[in-house]
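For reference, the chains in residue letters:
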2 protein chains.
Amino acid sequence: MATQTTDATGERREDDFSAWYIDTVLKSQLADYTAVRGSMVIRPYGYAIWERIQAHVDKELKATGHQNAYFPLFIPLSFIHKEAEHVEGFAPQLAVVTHGGGEELTEPLVVRPTSETIIYDMLSKWIESYRDLPVLLNQWANVVRWEIRTRPFLRTAEFLWQEGHTAHETFEEADTEARLILDLYVRFIEEELAIPVLQGRKTESEKFAGALYTYTMEALMGDAKALQMGTSHNLGQNFSKAFDVTFLDRDGSREFPWSTSWAVTTRLVGAIVMVHGDDKGLRLPPRIAPTQVVIIPIWRKEEDRDKIEPYVAEVQHDLLEADIRVHVDWRDQVTPGFKFNDWELRGVPLRIEIGPRDVENAQAVFVRRDSREKRPVDRESIRASALECLDSVQQSLFEQAKRYREVHTASANSWETLARLLEDRGGFVWVDWCDSQPCTQKLAAEKATVRAIPLEEGEAIPLGPCICCGEAAKFRCVVARSY
Amino acid sequence: MATQTTDATGERREDDFSAWYIDTVLKSQLADYTAVRGSMVIRPYGYAIWERIQAHVDKELKATGHQNAYFPLFIPLSFIHKEAEHVEGFAPQLAVVTHGGGEELTEPLVVRPTSETIIYDMLSKWIESYRDLPVLLNQWANVVRWEIRTRPFLRTAEFLWQEGHTAHETFEEADTEARLILDLYVRFIEEELAIPVLQGRKTESEKFAGALYTYTMEALMGDAKALQMGTSHNLGQNFSKAFDVTFLDRDGSREFPWSTSWAVTTRLVGAIVMVHGDDKGLRLPPRIAPTQVVIIPIWRKEEDRDKIEPYVAEVQHDLLEADIRVHVDWRDQVTPGFKFNDWELRGVPLRIEIGPRDVENAQAVFVRRDSREKRPVDRESIRASALECLDSVQQSLFEQAKRYREVHTASANSWETLARLLEDRGGFVWVDWCDSQPCTQKLAAEKATVRAIPLEEGEAIPLGPCICCGEAAKFRCVVARSY
């Protein structure tokens with residue numbers, strides 16, 4: 001649609017990661033800026049990745065008994081005020097509709113920053129007895145949170161997500177649900193997006209506004225900063241009580257249901273760029289790549305084109321039969337070299353070059369996007385080799401990201417070590433932590449936060465006193481600078 | 001989730017169609033009212049129908065080369081003002097965000113009522129030459145239009161839709177695109193939703209605000225009122241000019257692209273209810289029904305349950321293998337009679353009853369939802385008969401709707417006849433029409449509008465003078481009262 005760029009992203013990833021990121025997102029046409037401050041357009045190539053994320057997560061959610069529904073975009077301002085922590089957390093970020101149909105509204109409406117309040121208002125109408133539980137709802141929607149500093153995919157005023165909302169008879173059931181979803185997310189992100197994640201619990205100050213506690217997944221981006229990849233909250237009875245949702249339990253008494261909420265967002269597209277991208281552009285994990293293989297026919301004379309065309313068609317057919325998402329780039333107004341760069345920029349995992357000589361020799365030339373390794377493949381092996389290569393790229397991207405994280409994970413037993421680690425090389429740092437307010441503030445002054453308290457009880461046991469104040473530590477946890 | 005109701009919808013469709021409609025939508029749990037005036041919740045059963053609509057339309061759009069993208073929810077108010085007819089049409093319906101992040105905005109943002117303006121602002125950046133054309137975009141999104149009188153699915157402040165936006169080199173290409181989409185919609189609505197539609201063009205006063213002209217599909221609901229099922233607009237160069245979108249054409253001169261936009265919405269779910277529903281509730285066309293077959297096991301004693309269980313499982317497996325969407329209702333706290341009513345209310349096309357006697361006789365009892373005809377079917381014929389029955393229900397619902405429309409289509413050659421037809425029995429009325437403003441106003445006073453000017457040139461040729469003023473008619477067209 002827009003003019004293509006032959007050059008790579010133009011920004012060296014090492015020198016200025018942030019500029020490289022923006023440049024890569026724009027040039028690979030994942031997204032673009034718009035006239036509305038803090039909003040972005042998700043362009044077809046970026047949206048195709050989001051559609052694959054949606055399809056996968058949606059299927060998993062349905063397989064675990066969740067049903068999709070759709071709740072209103074607008075929420076009465078008074079609803080947000082019903083849960084004390086919730087309003088404190090979200091009030092500064094609200095977009096407010098004050099006029100509708102040419103008239104001032106009697107009560108302002110907020111554009112949903114998340115949907116707990118409107119959903120619990122409905123649940124108070126729908127839930128009567130334990131027979132109506134569990135309620136297992138999900139919705140795919142847009143939400144709005146007014147942000148000062150924005151960045152495409154990572155932080156925008158409006159973003160797309162799925163938000164799950166469930167209600168249960170007991171605390172234990174709610175916890176099981178919140179963990180089930182966390183596991184589902186982790187598996188998806190590691191297996192499909194090839195991004196290793198650290199699971200854990202958030203501290204009081206980092207948890208969702210209104211939750212009892214929050215489970216999180218944290219990944220390390222290519223600049224050694226952490227990114228929260230998704231969260232799953234046990235909301236306790238907070239929203240049930242705020243919206244007077246009750247049910248008649250098995251003993252005939254009225255109880256408040258226990259509930260959860262959880263979400264992943266279009267932010268995941270940004271994470272794919274930041275974890276796997278390189279100086280040439282995107283490197284998409286094959287399982288999520290809209291196009292897995294691009295075939296570049298190479299010809300100069302018209303007779304050469306005629307010669308390779310049936311051969312290319314056969315190879316394409318062969319790959320399609322193996323359910324490989326393949327595209328043939330027959331553009332005649334640009335050179336093969338331009339096409340190589342263009343598809344590298346767009347991160348297609350495998351390029352297959354086919355010229356007249358390849359037809360003669362009954363072969364094709366494979367070039368992997370991850371390592372850029374080049375090798376000839378015999379005609380009869382093309383399908384099997386392509387499948388193998390896609391598996392290998394998927395695996396290799398995950399291994400690289402894991403190795404990067406290992407290298408960028410350390411532990412500190414003094415404040416000085418922590419501060420130096422954060423400043424010099426970023427990454428995850430394990431520390432013993434008291435979780436007091438003064439220590440949290442001191443950490444914030446280093447532009448860092450506690451990212452996660454490990455879920456494995458053993459891993460969370462402190463090895464010494466709080467690294468900050470020297471008082472008794474409450475737990476051992478992972479600290480990092482983050483997006 | 002909510003308590004089930006054993007009784008049918010409770011409202012007689014003939015007596016008060018409007019009350020029957022609301023009652024049916026609420027009781028079958030397609031949707032519910034919310035605390036926000038004019039907004040609705042689409043509940044899982046209603047959303048499942050919408051998901052099937054989405055999946056089908058999305059696949060067709062992709063097969064015809066369209067790509068999905070996502071544009072911002074918020075649009076600067078000034079954008080809406082750039083196209084003169086557009087602002088006139090949409091200004092009275094806008095919801096306006098005046099505050100964000102606790103501060104008053106310097107320029108108010110409108111919540112998109114439709115996305116032409118924000119999209120054309122982006123196209124001015126993306127399109128440079130004829131090589132960038134055609135642009136074939138689609139987005140699945142929520143939109144907001146402030147409405148005074150609302151009705152679930154048919155007219156709500158917020159609704160869901162797909163909106164397609166395309167740009168082309170020539171007027172002819174844009175017209176071809178607008179017609180291609182109209183055809184695609186018509187085929188989908190007739191074949192999948194079993195609703196016959198009348199295709200046509202809108203008059204000047206009924207066209208989309210900002211379009212050169214609008215193609216429309218009109219269907220007749222069960223109360224003989226018309227419903228616009230979807231539209232496809234040729235926008236000419238109106239938005240290109242308003243947003244200064246130009247391209248270098250093949251001769252090297254700068255031109256404005258010709259464009260289209262088109263949409264179908266969640267309104268289609270309401271149409272399914274209003275066309276096919278009866279006093280017992282919904283009657284869903286099998287191709288769009290989330291559940292196509294419900295099996296009701298019938299037992300009293302525990303030993304009977306043990307006896308029928310493996311038999312039911314085999315039948316279920318048999319149907320699943322034929323890709324039939326089947327559900328077995330094993331609930332033990334309600335009676336079979338309750339279940340019959342419940343699934344009739346929800347419009348499941350085919351009910352299969354299986355009791356101990358059926359197991360002994362190696363059969364099952366089929367009950368069609370459309371005719372409520374009941375008959376035993378031999379075990380070995382169950383799969384084939386179920387497939388046949390679903391096809392037959394699909395066909396029969398379409399035929400019934402078509403017959404209803406035939407009965408409710410007339411032609412009038414005097415104003416008195418037209419007025420009497422509209423008042424006494426509604427439906428479509430063919431008339432010769434001058435399309436002047438006074439005549440349009442006189443028609444509006446009868447609560448009617450011109451719904452469509454036929455596309456077949458022959459059909460649009462007037463047979464006499466304008467039925468209203470007696471002056472020369474411009475065309476022959478279809479008039480109706482509508483939603």
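Computed from a prediction, not measured in an experiment: that's the story for all the values here.

**Points about helix H10 (residues 336–345) of chain A**
It helps to recall that an α-helix has 3.6 residues per turn; residues three or four apart then point in one direction.
Residue and element names in this part refer to chain A.
Phase 1: Taking burial as the measure, the 10 residues of H10 include seven buried ones, the bulk of the element.
Phase 2: Those residues of H10 not exposed but buried are Phe 338, Lys 339, Phe 340, Asp 342, Trp 343, Glu 344 and Leu 345.
Phase 3: In the segment just after H10, Gly 347 is the residue with positive phi, at about 75 degrees.

**Focus: the pairing of strand E11 (residues 226–236) of chain B**
Each regular strand displays side chains that alternate between the two surfaces of the sheet.
Residue and element names in this part refer to chain B.
Phase 1: In terms of residue burial, E11 counts as a mostly covered element, since 10 of its 11 residues are buried.
Phase 2: Relative to E11, strand E10 (residues 213–220) runs antiparallel, the two being bridged by eight bridges. Note on E11: the bridge partner recorded for Thr 214 is His 233.
Phase 3: A loop of five residues connects E10 with E11, the two strands running antiparallel in sequence, and Ala 224 in this loop sits at a positive phi of about 65 degrees.
Phase 4: Relative to strand E14 (residues 258–265), E11 is paired through five bridges, and the arrangement is antiparallel. Across the sheet, residue Ser 232 finds its bridge partner in E14, namely Trp 262.

**A closer look at the domain arrangement of chain A**
Residue and element names in this part refer to chain A.
Phase 1: The domain architecture assigned to chain A consists of domain 1 (17–276), domain 2 (293–404) and domain 3 (409–480).
Phase 2: Using C-alpha coordinates to define each centre, domain 1 is positioned 39 Å away from domain 2.
Phase 3: With 19 residues of domain 1 at the interface, the matching set in domain 2 holds 10 residues.
Phase 4: Between the two partners, domain 1 and domain 2, sit zero salt bridges.

**Description of the relation of the copies chain A and chain B**
Phase 1: Mapping chain A onto chain B calls for a rotation angle of 180 degrees and an axial translation of 0.0 Å; the resulting RMSD is 0.0 Å. With respect to symmetry, the two chain copies, as superposed, fit the operation of a two-fold axis. Relative to the rotation axis, the closest C-alpha in chain A is found at Val 97 of chain A, a distance of 2.1 Å.
Phase 2: Here 100% of the contact residues of chain A are again contact residues in chain B; the copies associate through an equivalent surface.

**Remarks on the interface of chain A and chain B**
Phase 1: Contact with chain A, which involves 59 residues of that partner, is made by 59 residues of chain B.
Phase 2: Both sides together, the interface formed by chain A and chain B hides about 4,900 Å², and carbon and sulfur atoms give 63% of it.
Phase 3: There are four salt bridges connecting chain A and chain B.
Phase 4: Where Glu 51 of chain A meets Lys 62 of chain B, a salt bridge forms, and the shortest distance between an N and an O atom there is 3.0 Å.
Phase 5: Viewed at the interface, chain B and chain A are joined by 24 residue pairs in polar contact (both at pLDDT 80 or more).
Phase 6: The element that contributes the greatest number of residues to the side of chain A that touches chain B is strand E5 (residues 95–100) of chain A, accounting for six residues.
Phase 7: Residue composition of the side of chain A that touches chain B, by class: 35 nonpolar, 12 polar and 12 charged.

**Observations regarding the sheet that holds strand E10 (residues 213–220) of chain A**
Residues and elements named next belong to chain A.
Phase 1: Strand order in this open sheet of seven strands is E3-E7-E8-E14-E11-E10-E9, and the pairing throughout is mixed. Of all the strands in the sheet, just strand E3 (67–68) and strand E9 (198–201) have a single pairing partner and so form its edges.
Phase 2: By the bridge criterion, 10 bridges tie strand E7 (residues 135–144) to strand E8 (residues 158–168) in an arrangement that is antiparallel. Counted as the bridge partner of Val 135 is Ala 167 from E8.
Phase 3: Its contacts with the sheet place helix H8 (residues 267–276) against E10, strand E11 (226–236) and strand E14 (258–265), and it is angled at close to 145 degrees to E11.

**Considering the packing of helix H2 (residues 44–63) of chain A against helix H6 (residues 171–191) of chain A**
All names here are of chain A.
Phase 1: Running from N to C, H2 and H6 point in directions that differ by 145 degrees, and their axes come no closer than 11 Å. Viewed along their axes, H2 and H6 form a crossing whose handedness is right-handed. Side by side, H2 and H6 meet where Ile 53, His 56, Val 57, Glu 60 and Leu 61 of the first sit next to Ile 181, Leu 184, Arg 187 and Phe 188 of the second.
Phase 2: Here the residues of the contact of H2 with H6 are counted per class, giving six nonpolar, one polar and two charged.

**As for the sheet that holds strand E17 (residues 350–354) of chain A**
All names here are of chain A.
Phase 1: Spatial strand order, E16-E15-E17-E18-E19: five strands in an open sheet with mixed pairing. Where the open sheet ends on each side, the last strands, each with one partner, are strand E16 (326–328) and strand E19 (374–378). On average, each strand axis in the sheet is tilted by 25 degrees relative to the strand beside it, whichever way the strands run.
Phase 2: Helix-sheet contacts for helix H9 (residues 302–321) involve strand E15 (293–297), E16, E17 and strand E18 (363–368), and the interaxial angle to E15 is about 175 degrees.
Phase 3: On the sheet, H10 packs against E15, E16 and E17 and is oriented at approximately 175 degrees with respect to E15.

**Some thoughts on the pattern of salt bridges**
All names here are of chain A.
Phase 1: The full count for this structure, using the stated rule, is 60 salt bridges over all chains.
Phase 2: Between Arg 331 and Asp 342 there is a salt bridge, and its shortest N-O distance comes to 3.0 Å. Highlighted residues: Arg 331 in the loop between E16 and H10 and Asp 342 in helix H10, separated in sequence by 11 residues.
Phase 3: Classification of Arg 331 as partly exposed rests on a relative accessible area of 22%.
Phase 4: We classify Asp 342 as buried; its relative accessible area is 3%.

**Things to note about a negative patch on the surface**
Phase 1: On the surface, Glu 302, Glu 303, Asp 306 and Asp 332 of chain A cluster together into a negatively charged patch.
Phase 2: Looking at the element boundaries, Asp 332 of chain A is found in the loop between E16 and H10.

**Details of the side chain of Lys 207 of chain B**
Residues and elements named next belong to chain B.
Phase 1: When you line up the elements, Lys 207 lands in the loop between strand E9 (198–201) and E10.
Phase 2: Within the structure, Lys 207 has its side chain in polar contact with the backbone oxygen of Ala 211 (distance 2.9 Å).
Phase 3: Residues in contact with Lys 207, not counting those within four places in the same chain, are Glu 85, Lys 202, Leu 212 and Thr 214.

**Quick look at the environment of Gln 395 of chain A**
All names here are of chain A.
Phase 1: Within the secondary structure, Gln 395 is located in helix H12 (residues 382–407).
Phase 2: Gln 395 gets classed as partly exposed once you look at its relative accessible area, which sits at 43%.
Phase 3: Between the C-alpha atoms of Gln 395 and Gly 427, which are 32 residues apart in sequence, the distance is 22 Å.

About the cut-offs
Residues numbered from 1 in each chain as written. Chains lettered and ligands numbered in written order. Predicted model: local features only at pLDDT ≥ 70, side-chain atom pairs only at ≥ 80, totals over all residues. Heavy atoms only, no water. Buried < 20%, exposed > 50% of the residue type's maximum accessible area, 1.4 Å probe, protein only. Helix = DSSP H or I, 4+ residues; strand = E, 2+ residues; numbered from the N terminus. Pairing = 2+ DSSP bridges. Domains from an automatic or database assignment. Contact = heavy atoms within 4.5 Å. Salt bridge = Lys/Arg side-chain N within 4 Å of Asp/Glu carboxyl O. Least-squares fit on C-alpha atoms with pLDDT ≥ 70 in both. Buried area = accessible area lost by both parts, 1.4 Å probe. Polar contact = N/O pair within 3.5 Å; in protein donor to acceptor, adjacent residues only side chain to side chain. Nonpolar A, V, L, I, M, F, W, Y, C, P; charged D, E, K, R; others polar. Axes fitted to C-alpha atoms, helices over the stretch in contact; angles between N-to-C directions. Left-handed = near helix turned anticlockwise from the far one by under 90°. Patch = residues over 30% accessible without salt bridge, like charges linked within 9 Å, V, L, I, M, F, W, Y side chains within 5 Å. Areas by Shrake-Rupley, 256 points an atom, 1.4 Å probe, with all protein chains shown as cover. Lys, Arg positive; Asp, Glu negative; His and termini not counted. Charge placed at Lys NZ, Arg CZ, Asp CG, Glu CD.

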